[in-house]
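# Examining the three-dimensional arrangement
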Amino acid sequence: MAFAAIFLFVLFVSPIMCYGKDHIVGGSDGWSQSGDYSTWASAQTFSVGDNLVFNYGGSHGVNVVSKDDYENCNTGNALLTYTGGQNSIPLSSSGDMYFVCPTLNHCDTGMKLAIKVEGSTSPATPSATKSMQPNAASITFGSMTTMVFEFALVFVYMG
Ligand SMILES: [Cu+2]
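Let us look at the structure shown here. Only a predicted model underlies this, so the values are computations on that prediction, with no experimental measurement involved. (Residues numbered from 1 in each chain as written. Predicted model: local features only at pLDDT ≥ 70, side-chain atom pairs only at ≥ 80, totals over all residues. Heavy atoms only, no water.)

## Overview of the nonpolar core
- Counting residues in each nonpolar core, the largest one holds 20 residues, and the members touching the most others are W31, L52, F54, F99, L113 and I115.
- Listing elements by their share of this core, those giving two or more residues are helix 2 (37-42), strand 3 (51-55), strand 4 (62-65), strand 7 (95-100) and strand 8 (112-118).
- Residues in contact with F54, not counting those within four places in the same chain, are V25, W31, V62, G85, Q86, N87, I89, F99 and L113. (Core = buried A, V, L, I, M, F, W, Y, C linked by side-chain atoms within 4.5 Å. Buried < 20%, exposed > 50% of the residue type's maximum accessible area, 1.4 Å probe, protein only. Helix = DSSP H or I, 4+ residues; strand = E, 2+ residues; numbered from the N terminus. Contact = heavy atoms within 4.5 Å.)

## Some words on the state of the cysteines
- Applying the stated criterion across every chain, the model contains one disulfide.
- The disulfide that involves C73 links it to C107, with 2.0 Å between the sulfurs. A torsion of -75 degrees about the S-S bond marks the disulfide between C73 and C107 as left-handed. A residue pair is termed long-range when its members are at least 10 positions apart, and C73 in the loop between helix 3 (67-72) and strand 5 (80-82) and C107 in the loop between strand 7 and strand 8 qualify at 34 residues. Neither residue differs from the other here; C73 and C107 are each classed as buried. (Disulfide = S-S within 2.5 Å.)

## Considerations on the coordination of the copper ion
- Summarising the metal site, the copper ion is bound by the protein donors H60 (ND1), C101 (SG), H106 (ND1) and M111 (SD), whose distances to it range over 2.0 to 2.5 Å.
- With four donor atoms in place around the copper ion and angles of 90 to 128 degrees between them, the coordination shape is tetrahedral.
- As a motif over one chain, the donors of the copper ion read H-x40-C-x4-H-x4-M. One end of the pair, H60, is in the loop between strand 3 and strand 4; the other, C101, is in the loop between strand 7 and strand 8, and 41 residues separate them in sequence.
- Residue classification places H60 among the buried residues on the basis of a relative accessible area of 14%.
- For C101, a relative accessible area of 0% translates into the label buried. (Donors = N, O, S within 2.8 Å, 3.2 Å for Na, K, Ca; no water. Tetrahedral: all angles 85-135°; square planar, octahedral: opposite > 155°, others 65-115°.)

## Here's the deal with the environment of H106
- Along the chain, the position of H106 falls in the loop between strand 7 and strand 8.
- Distance in space between the C-alpha atoms of H106 and C73 is 8.8 Å, their sequence separation being 33 residues.
- When residues no more than four places from it in sequence are discounted, the contact partners of H106 are Q33, S59, H60, C101 and M111.

## A closer look at unusual backbone geometry
- A positive phi angle, close to 55 degrees, is found at C73, a residue other than glycine.
- By relative accessible area, which is 15% here, C73 ends up buried.
- You will see that N105, though not glycine, has its phi angle at about 75 degrees, which is positive.
- Note that N105 resides in the loop between strand 7 and strand 8.

## Here's the deal with the pairing of strand 6 (residues 86-90)
- Side chains N87 and I89 project from strand 6 onto a buried face, and the interleaved Q86, S88 and P90 project onto a face without burial.
- In this sheet, strand 6 lies alongside strand 3 in antiparallel orientation, the contact comprising five bridges. By the bridge assignment for strand 6, V53 is matched with S88. (Pairing = 2+ DSSP bridges.)

## Describing the pattern of salt bridges
- Scanning all chains against the criterion turns up two salt bridges.
- A salt bridge links K67 to E71, with the nearest nitrogen and oxygen atoms 3.9 Å apart. Residue K67 and its partner E71 are located together in helix 3, separated by four residues, close to a single helical turn.
- Classification of E71 as partly exposed rests on a relative accessible area of 45%.
- Notably, a salt bridge pairs D96 with K116, separated by 3.7 Å at the nearest N-O pair. You can see D96 sitting in strand 7 and its partner K116 sitting in strand 8, a full 20 residues away along the chain.
- A relative accessible area of 51% means that K116 is categorised as exposed. (Salt bridge = Lys/Arg side-chain N within 4 Å of Asp/Glu carboxyl O.)

Structural data, given as structure tokens:
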């Protein structure tokens, strides 16, 4: 019984505890043809565990593409496609990610976004006190999750 409770905790509660920041693409203007997404992205710090949230009207969409396809506005090779007007895309690994609108000519007119996702374990710069706080918090949550998981493993071993 206790094991079941811990198992459920590890499965469902821990991911919520590790829930990261939501980055609303384009802010209140959302994902549209009038946005400047390189400027928007340069003001953000993307970390593993964060979410990228796209809000847009009906004629738009979101394709996850390769770097080449981003640069050439090629929408025919999408790695992932999102539709529906609102998407929350989890940033689950570090590295570069590229997004374009699949609608004809929208990428060429600026509906393209490149982001760099930083690993959550990368050390914070000493000068950036504000950004150190979330990092410290995520380390604490990470350690707690590990502790709980190990505790659950002990139960499995004993059982
Ligand atoms: Cu579009």
